[in-house]
Amino acid sequence: MRYVRPITKRITGIRKKRMKMIKTILHNDREVTVNLDNVLYATPVVLEESGQELLKIVFLGGAELDVVDRFHEFYEKAREQD
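A quick note: this is a predicted structure, and the numbers were derived from the prediction, not measured. (Residues numbered from 1 in each chain as written. Predicted model: local features only at pLDDT ≥ 70, side-chain atom pairs only at ≥ 80, totals over all residues. Heavy atoms only, no water.)

A.B. asks: Mind showing me how you'd approach the nonpolar core here?
C.D. replies: Proteins that are soluble and globular tend to have nonpolar side chains buried together. Grouped together as the largest cluster of nonpolar side chains are 12 residues: Ile-22, Leu-26, Val-32, Val-34, Leu-36, Ala-42, Leu-55, Ile-57, Phe-59, Val-67, Phe-74 and Ala-78. Elements that contribute at least two residues to this core include exactly strand E2 (31–35), strand E4 (53–59) and helix H1 (71–80). Looking at this core element by element, the count peaks at 3 residues for E4. (Core = buried A, V, L, I, M, F, W, Y, C linked by side-chain atoms within 4.5 Å. Buried < 20%, exposed > 50% of the residue type's maximum accessible area, 1.4 Å probe, protein only. Helix = DSSP H or I, 4+ residues; strand = E, 2+ residues; numbered from the N terminus.)

Right, dumping it as structure tokens:
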């Protein structure tokens, strides 16, 4: 006679992925929260009309945001989230 031992699955540890978010200000003075996991790249731009320097953030889906932060400020905020 053969005995069958039941097999059970154990879940030892599930980690929830924490989203990395930072707050910044749009070019029209509205506050916005940016999910850093979706940022593709960021590049400085200058508006031709006013000469104002902005940071253009491009996301994975192709959406873009223009924020008033300088590149190094945005980079430092992002580093604080790590």
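Here the narrative resumes, following the displayed structure.
A.B. asks: Hey, could you run me through the sheet that holds strand E3 (residues 39–46) in this one?
C.D. replies: Sheet strands pair via backbone hydrogen bonds, and the direction of the pair is either parallel or antiparallel. Pairing is antiparallel in the open sheet, where 3 strands are placed in the order E3-E4-E5. In this open sheet, the two strands that pair with only one neighbour each are E3 and strand E5 (64–67). Neighbour-to-neighbour, the strand axes of the sheet open up by a mean angle of 25°, direction not taken into account. Pairing of E3 with E4 involves 7 bridges; the strand directions are antiparallel. (Pairing = 2+ DSSP bridges. Axes fitted to C-alpha atoms, helices over the stretch in contact; angles between N-to-C directions.)

A.B. asks: Just to check I follow, could you spell out the side chain of Lys-56 for this structure?
C.D. replies: Within the fold, Lys-56 resides in strand E4. Within the structure, Lys-56 has its side chain in polar contact with the side chain of Asp-66 (distance 3.2 Å). (Polar contact = N/O pair within 3.5 Å; in protein donor to acceptor, adjacent residues only side chain to side chain.)

A.B. asks: Would you mind going over the pattern of salt bridges with me for this structure?
C.D. replies: Pairing between side chains becomes possible if they bear opposite charge and their charged atoms approach one another. Per the stated rule, a full pass over the model turns up 5 salt bridges. Where Lys-56 meets Asp-66, a salt bridge forms, and the shortest distance between an N and an O atom there is 3.2 Å. Note that Lys-56 is positioned in strand E4 and Asp-66 in strand E5, a separation of 10 residues in sequence. A salt bridge links Asp-69 to Lys-77; the shortest N-O distance between them is 2.9 Å. Overall, Lys-77 belongs to the partly exposed group, its relative accessible area being 27%. Residues joined by salt bridges that share partners form a network here, namely Lys-56, Glu-64 and Asp-66. (Salt bridge = Lys/Arg side-chain N within 4 Å of Asp/Glu carboxyl O.)

A.B. asks: Looking at this structure, how should I read the pairing of E4?
C.D. replies: Look at any regular strand and the pattern is simple: side chains alternate between the two faces of the sheet. Here E4 lies mainly inside the structure; 6 of its 7 residues are buried. Hairpin geometry of E3 and E4 is characterised by an intervening segment of 6 residues between the two adjacent antiparallel strands and by a positive phi of about 80° at Gly-51. Looking at chain direction, E4 and E5 are connected through 4 bridges and run antiparallel. Bridge pairing links Val-58 to Glu-64 in E5. In textbook terms, the turn of a hairpin is the stretch between consecutive antiparallel strands, and for E4 and E5 this stretch comprises 4 residues, one of which, Gly-62, has a positive phi near 100°.

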